[in-house]
Structure formats: structure tokens, C-alpha cells
Amino acid sequence: MTTATITTEKEQRCFGGVQGTYTHASAATGTTMRFAVYQPPQAAEGPRPALIYLSGLTCTEENVSTKAGAQRYAAEHGLVFIAPDTSPRGDGVADDPAYDLGVGAGFYVDATREPWAPHYRMYSYIVDELPALLAGRFPIRLDALGITGHSMGGHGALVLGLRNPDRFRSISALAPIVAPTEVPWGHKALAAYLGDDRDAWRRYDACALVRERSHPAAILIDQGEADGFLAEQLRPELFVDACAAGGQALELRRQPGYDHSYYFIASFIGDHIAHHAAILGA
């Protein structure tokens with residue numbers, strides 16, 4: 001376990017537990033990274049199963065912590081709820097004027113192309129550095145860790161979960177980008193971060209991955225049918241077909257009238273926490 005220093009930015013009582021925001025110097029990104037952790041009341045008695053939530057474009061660790069209402073459900077199930085930032089930030093970190101590239105848009109990849117490669121290593125940060133850091137400070141069980149996320153973060157949850165089933169025992173997503181190699185958001189980000197190597201792109205495409213490897217646990221996805229990004233950027237039907245081809249158990253729930261906002265996330269985050277708690281033994 002890591003001995004890196006974690007600085008507490010703030011902590012508040014919430015549903016009998018503690019909601020906190022923290023910073024640390026990241027070896028993976030070479031920057032100071034922020035993350036939020038909700039410790040349910042059961043955590044006072046010992047290590048608990050934990051769920052990492054990956055946020056979407058333009059978000060930080062704060063969006064889900066303040067808008068989703070996840071703490072109530074995490075307290076009910078005794079699940080530690082973790083929300084890292086979406087990208088490196090700070091002096092010397094490459095950026096782009098557009099909202100869908102650069103700061104706030106790390107896409108959970110390890111960039112190999114300049115100017116992104118020195119800091120944009122969110123895949124390694126989430127898979128390796130963050131769990132070890134958390135286990136050294138917070139009461140979590142590394143053998144009972146799940147991953148979920150929204151939009152770009154849903155893409156990250158599917159990719160990281162499928163590629164690391166020993167690390168992430170449960171997977172879910174809300175309105176995820178399931179096929180970045182097939183949609184404009186993905187084309188832009190993967191070309192910038194990884195260059196023209198389409199094989200490298202495929203390693204970050206959930207549809208391509210699930211055709212080759214299934215996860216032991218069923219995947220839960222919620223998708224709003226009134227989502228303005230549904231037809232062009234999200235395309236969940238591609239993941240349905242890929243799961244069928246790869247033998248992956250999937251529950252895709254299409255929710256009439258719901259859009260891409262945190263009102264949608266708040267409506268279904270409780271079901272996702274329950275999904276992970278059942279698999280992780282919370």
C-alpha cells in the first residue's frame with residue numbers, strides 16, 4: 001500500500017457517515033489530483049466494499065458528490081463511494097479550448113501522444129494508483145471494489161472494468177459512451193491522445209473489448225430515452241450487440257423521458273449502488 005501524503009480539504013457529516021474531499025501528489029499524472037470519498041457509518045467498524053464513480057465531460061469530483069444523492073444509498077448499503085476528478089489539472093498541463101478535450105476530458109486513457117502524454121494517464125491513475133492510495137488511508141476492501149460512471153465516465157467504467165476484472169468485481173454505467181471508435185466524441189479524443197493507431201483505440205472501446213472478453217458479473221446500464229446525445233454519441237444498441245456476441249450478461253434499462261443530466265443520475269444512482277452492493281457483498 002502507498003504511503004503518499006493525502007491532504008484533507010474538507011469533511012462533513014452526511015447520513016451518519018463522512019463526506020470528504022482530498023488532494024495528493026500523483027505519480028501517475030505528475031500533478032496534484034483531487035478526489036472525494038463518502039465513508040458510510042458502517043466504515044467505523046472496519047473495511048467496507050467500495051464503488052468508484054467516474055464522472056463525465058467538464059466535471060470534477062464535486063458534481064456527483066453534491067448533485068446525485070449517492071450518500072443516502074451508500075449509507076444504506078454500507079458502501080464507500082469514491083469520486084476522482086476527470087483529468088489532471090494545473091500549471092504545465094496541456095489543454096484545449098473545446099470542452100471535450102483536455103482538462104475535464106481525460107477519457108480515462110493513458111495518452112501516448114504529445115502534448116498529452118506527460119500528464120494524461122488517467123487509466124493508470126484509476127486502475128493502479130488510486131486504489132492503493134485509498135486502501136492506505138480509508139476503510140475499503142480492495143477485494144470488493146466496483147466501478148461505475150456517467151457518459152465519458154461510463155465509457156471509463158466499462159473499459160476499466162472489462163480490462164481489469166480482478167480489480168473491479170462489478171460494473172455499471174449511466175448513459176455511457178460505449179463505442180468511442182464509432183462516434184465523434186471518441187474520434188476526437190482518441191486521435192488526440194493516442195494518434196492514428198486504431199489498435200490502440202480498440203483497447204479503450206467497450207464494444208471491441210466485450211466481444212473478446214466478458215466480465216464474470218452482469219453489467220447494469222441505464223439510458224435516458226430523451227438524452228440529446230443518444231443517437232450520435234452514445235449508441236447503446238452497439239453494446240447490446242457486442243455483449244450478445246461476447247457472451248456478456250447485460251441489463252440495459254431504457255428510461256422514457258430522462259435526459260443526460262444529473263436529474264437522470266439522481267433518479268437511478270440508488271439502483272446502481274444496490275447492484276454493486278449485491279455483487280460485492282456489502
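Residues numbered from 1 in each chain as written. Predicted model: local features only at pLDDT ≥ 70, side-chain atom pairs only at ≥ 80, totals over all residues. Heavy atoms only, no water.

Colleague: Break down the packing of helix α2 (residues 70-77) against helix α10 (residues 262-280) for me, with residues and values.
Modeller: Closest axis-to-axis distance for the α2/α10 pair is 9 Å, and the angle between their directions is 30°. Compared by their axis directions, α2 and α10 come out roughly parallel. As for how α2 packs across α10, the hand of that crossing is right-handed. Here A70, Y73, A74 and H77 of α2 lie close against α10, whose contacting residues are I269, G270, I273, A274 and A277. Along the lines of polarity and charge, the residues of the contact of α2 with α10 split into 7 nonpolar, 2 polar and no charged. (Axes fitted to C-alpha atoms, helices over the stretch in contact; angles between N-to-C directions. Helix = DSSP H or I, 4+ residues; strand = E, 2+ residues; numbered from the N terminus. Parallel < 35°, antiparallel > 145°, perpendicular 65-115°, else oblique. Left-handed = near helix turned anticlockwise from the far one by under 90°. Contact = heavy atoms within 4.5 Å. Nonpolar A, V, L, I, M, F, W, Y, C, P; charged D, E, K, R; others polar.)

Colleague: Explain the pattern of salt bridges to me, and be specific about the residues and the numbers.
Modeller: Evaluation of the coordinates by the stated rule reveals 10 salt bridges. In this structure, R235 engages E237 in a salt bridge whose closest nitrogen and oxygen atoms are separated by 3.6 Å. For R235, a relative accessible area of 25% puts it in the partly exposed group. The exposure class of E237 is partly exposed, given its relative accessible area of 35%. If you follow the salt bridges from partner to partner, you end up with D222, R253 and D271 in one network. (Salt bridge = Lys/Arg side-chain N within 4 Å of Asp/Glu carboxyl O. Buried < 20%, exposed > 50% of the residue type's maximum accessible area, 1.4 Å probe, protein only.)

Colleague: So what's going on with the pairing of strand β5 (residues 80-84)? Which residues, and what values?
Modeller: In terms of burial, β5 is a largely internal element, 5 of the 5 residues being buried. Side-chain alternation along β5 places V80, I82 and P84 on one buried face and F81 and A83 on a second face that is also buried. Here strand β3 (residues 32-39) pairs with β5 via 4 bridges, running antiparallel. Of the residues in β5, the one forming a bridge with Y38 is F81. Where strand β4 (residues 48-54) lies against β5, 3 bridges are found, and the strand directions are parallel. Among the inter-strand pairings, L51 is bridged to a residue of β5, identified as F81. (Pairing = 2+ DSSP bridges.)

Colleague: Quick one: what's the story with the environment of M33, residue by residue and with numbers?
Modeller: Mapped onto the fold, M33 is located in strand β3. By relative accessible area, which is 1% here, M33 ends up buried. A sequence separation of 139 residues divides M33 from S172, and the C-alpha atoms of the two residues are 24 Å apart. When near neighbours in sequence (up to four residues on either side) are disregarded, M33 contacts Y22, T23, H24, S26, D85, S87, P88, M122 and Y125.

Colleague: Please provide a residue-by-residue account of the packing of aromatic side chains, values included.
Modeller: This structure, assessed with the given rule, holds 12 aromatic pairs. When the ring of Y258 is compared with that of F268, the centres are 4.9 Å apart and the planes differ by 70°; the resulting orientation is edge-to-face. One end of the pair, Y258, is in the loop between β9 (250-255) and α10; the other, F268, is in helix α10, with 10 residues separating them in the sequence. In this structure an aromatic cluster arises from ring pairing among Y22, F35 and F138. When the ring centre of Y204 is taken as origin, the NZ or CZ atom of R163, which lies over that ring, is 5.1 Å away. (Phe/Tyr/Trp six-rings, centres within 6.5 Å; stacked < 30°, edge-to-face > 60°. Lys NZ or Arg CZ within 6 Å of the ring centre and 35° of its normal.)

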